[in-house]
Amino acid sequence: MSFLTPPFSDEHEQLRQSIRGFIERELTPHAQQWEKERWFPDVLFPKMAAQGLLGLKYPTELGGQGGDYLHESVLCEELARIGSGGTAAGLGAHINIATPPIWKFGTDEQKQRYLVPSIAGELIGALGITEPGAGSDVAAITTRAERVDGGWLVNGEKTYITNGVRAQFIVTAVKTTADGGHHGISFLIVDRGQGVTSSKLDKLGWHASDTATIAYDDVFVPEENLLGELNEGFKLIMANFQWERLAMALGTVGAMQLAYERTAEYARERTTFGKPLSKHQAIRHKLADLATSAYTARCVTYDALRRFVGGEEPLEQVTMAKLLTQRASFELMDECLQIHGGMGYMGEHWAQRATRDARLGPIGGGSDEIMREILGRLLGL
Ligand SMILES: Cc1cc2nc3c(=O)[nH]c(=O)nc-3n(C[C@H](O)[C@H](O)[C@H](O)COP(=O)(O)OP(=O)(O)OC[C@H]3O[C@@H](n4cnc5c(N)ncnc54)[C@H](O)[C@@H]3O)c2cc1C
């Protein structure tokens with residue numbers, strides 16, 4: 001089945017082949033080791049940068065490739081081929097959530113200081129919004145930034161932050177007024193340094209990624225590190241959510257297709273009761289369902305992407321794509337594991353890793369329940 005359907009052109013397909021070649025040559029062979037070590041090496045950032053892959057959508061003046069969201073979409077899908085959700089997540093957090101706010105809301109000076117070295121793979125970024133007491137309810141954050149001479153003093157704690165140990169700068173959401181609700185949230189670019197301490201967290205999947213709690217203890221942040229307008233940080237959060245969710249859906253679409261292909265291949269080869277698994281109707285039907293699920297996920301996601309790059313604000317379609325793909329992926333991975341039998345459950349097998357990795361989707365980047373709440377509002381329910 002060809003997926004050379006809009007919104008992608010031949011040019012994007014050529015980019016896809018080149019990215020896939022790089023990933024399969026340079027990253028995939030190490031995925032197992034990084035998962036075991038629960039860490040992928042920082043050198044991946046300059047390696048990706050050397051291929052132009054940390055700045056596909058950024059302008060050439062900043063060291064980017066001068067492409068757009070469609071080029072970035074190809075990368076999002078192909079990152080699934082690493083075979084390590086954690087590695088894809090660590091690279092993806094830098095590309096899709098930490099650097100875009102600087103591009104969209106940063107001053108020229110901030111772009112030179114943070115975005116240019118981030119695109120070059122010389123700096124690693126993280127986005128710090130979630131706190132122990134505030135995840136889905138972003139407005140409930142309590143990390144405070146108090147005005148002091150020349151800047152702010154930050155105190156508080158963030159948690160579940162991707163790249164939270166390795167990041168050299170954290171785009172951090174803080175409260176800058178005592179007002180409740182969405183008002184009075186601002187963003188500061190916080191350099192790792194005095195008063196910033198991180199501790200890595202253990203988790204079900206995404207083993208190669210570094211997910212951490214970050215404590216800010218009287219951290220001085222200079223005036224010039226305010227990102228965007230004071231007290232208007234909620235706008236920044238909302239601006240990036242659409243791309244973050246679309247990027248998650250795209251990565252999932254790539255992972256689902258790959259898992260289906262591998263499982264179908266296995267089912268053609270593995271024999272039980274004198275014939276290949278795929279010739280047993282129960283398994284054949286399961287595979288037909290998996291192919292349908294992977295294709296449906298792709299259609300919904302591409303529709304949202306087409307609208308997004310076309311300049312619409314497709315809140316409804318992006319929300320549906322995020323909601324549909326993340327749960328569907330977990331279910332698909334679980335079925336792929338099942339078709340592999342005991343082998344699929346073994347520690348080194350891709351299917352058990354993919355199943356664990358996929359479980360994050362319905363939680364991160366806005367949970368399934370929050371997606372349904374947004375849709376409920378949009379649908380006037
Ligand atoms: C591996 C990993 C990486 C992450 N990376 C980052 C990162 O880089 N940066 C960052 O800022 N955050 C990150 N997060 C945090 C993630 O975005 C939050 O975990 C997520 O938003 C959910 O918040 P919570 O965990 O506090 O759950 P809660 O908000 O406490 O929700 C708990 C449960 O209740 C449900 N729920 C909450 N409110 C409602 C409601 N109104 N109606 C119905 N159900 C509701 C939720 O859907 C969920 O199922 C990461 C999380 C994980 C696990």
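Residues numbered from 1 in each chain as written. Predicted model: local features only at pLDDT ≥ 70, side-chain atom pairs only at ≥ 80, totals over all residues. Heavy atoms only, no water.

Description of the side chain of Asp357
Its location among the elements puts Asp357 in helix H12 (residues 350-358). Although buried, Asp357 forms no salt bridge, and the nearest oppositely charged side chain, Arg356, lies 4.6 Å from it. A polar side-chain atom of Asp357 sits 2.7 Å from the main-chain amide nitrogen of Trp206. For Asp357, the contacting residues outside a window of four places in its chain are Ser84, Gly85, Gly86, Gly205, Trp206 and His207. (Helix = DSSP H or I, 4+ residues; strand = E, 2+ residues; numbered from the N terminus. Buried < 20%, exposed > 50% of the residue type's maximum accessible area, 1.4 Å probe, protein only. Lys, Arg positive; Asp, Glu negative; His and termini not counted. Salt bridge = Lys/Arg side-chain N within 4 Å of Asp/Glu carboxyl O. Polar contact = N/O pair within 3.5 Å; in protein donor to acceptor, adjacent residues only side chain to side chain. Contact = heavy atoms within 4.5 Å.)

Let's talk about empty space enclosed by the protein
Tallied over the full model, the rule gives one cavity of 30 Å³ or more. No other element matches the five residues that helix H8 (residues 233-269) contributes to the lining of the largest cavity. (1 Å grid on protein atoms, 1.4 Å probe; cavity = no way out; pocket = protein on both sides within 12 Å on 5 of 7 lines; lining within 4 Å. Points joined across faces, edges and corners; volume = space filled by probe spheres on them.)

A look at the environment of Gly156
Looking at the secondary structure, you find Gly156 in strand S3 (residues 151-162). It is 8.9 Å that separates the C-alpha atoms of Gly156 and Ala145, two residues lying 11 residues apart in sequence. Among residues more than four places away in sequence, those in contact with Gly156 are Thr143, Ile214, Ala215 and Tyr216.

Re the site of the ligand
Within the structure, the ligand sits among 16 residues, and Thr130, Ser136, Tyr160, Ser367 and Glu369 are positioned closest to it. A distance of 2.9 Å separates a nitrogen atom of the ligand from a polar atom in the backbone of Leu127. A distance of 2.8 Å is found between a nitrogen atom of the ligand and a backbone nitrogen or oxygen belonging to Tyr160. In isolation the ligand has 970 Å² of accessible area, and contact with the protein removes 63% of it. When residues of the shell around the ligand are traced back to their parent elements, those giving at least two are S3 and helix H13 (368-378). In terms of residues, the shell around the ligand owes the most to one element, S3, which gives three residues. Class assignment for the residues of the shell around the ligand results in nine nonpolar, six polar and one charged. (Near = heavy atom within 4 Å. Areas by Shrake-Rupley, 256 points an atom, 1.4 Å probe, with all protein chains shown as cover. Nonpolar A, V, L, I, M, F, W, Y, C, P; charged D, E, K, R; others polar.)

Observations concerning the nonpolar core
With 39 residues, the main nonpolar core has Leu27, Met48, Leu91 and Trp243 as its most contacted residues. Of all the secondary-structure elements, those providing two or more residues to this core are helix H1 (10-27), helix H2 (31-37), helix H3 (44-50), helix H4 (69-78), helix H5 (85-98), H8, helix H9 (281-309) and helix H10 (315-339). Those residues in contact with Trp243, other than ones at most four positions away along the chain, are Lys57, Tyr69, Glu72, Ser73, Cys76, Asn96, Leu250, Leu305 and Phe308. With 25 residues, the next largest nonpolar core counts Ile97, Leu115, Val138 and Val171 among its residues. (Core = buried A, V, L, I, M, F, W, Y, C linked by side-chain atoms within 4.5 Å.)

Honestly, that's just the spatial picture; any functional story needs more than this.
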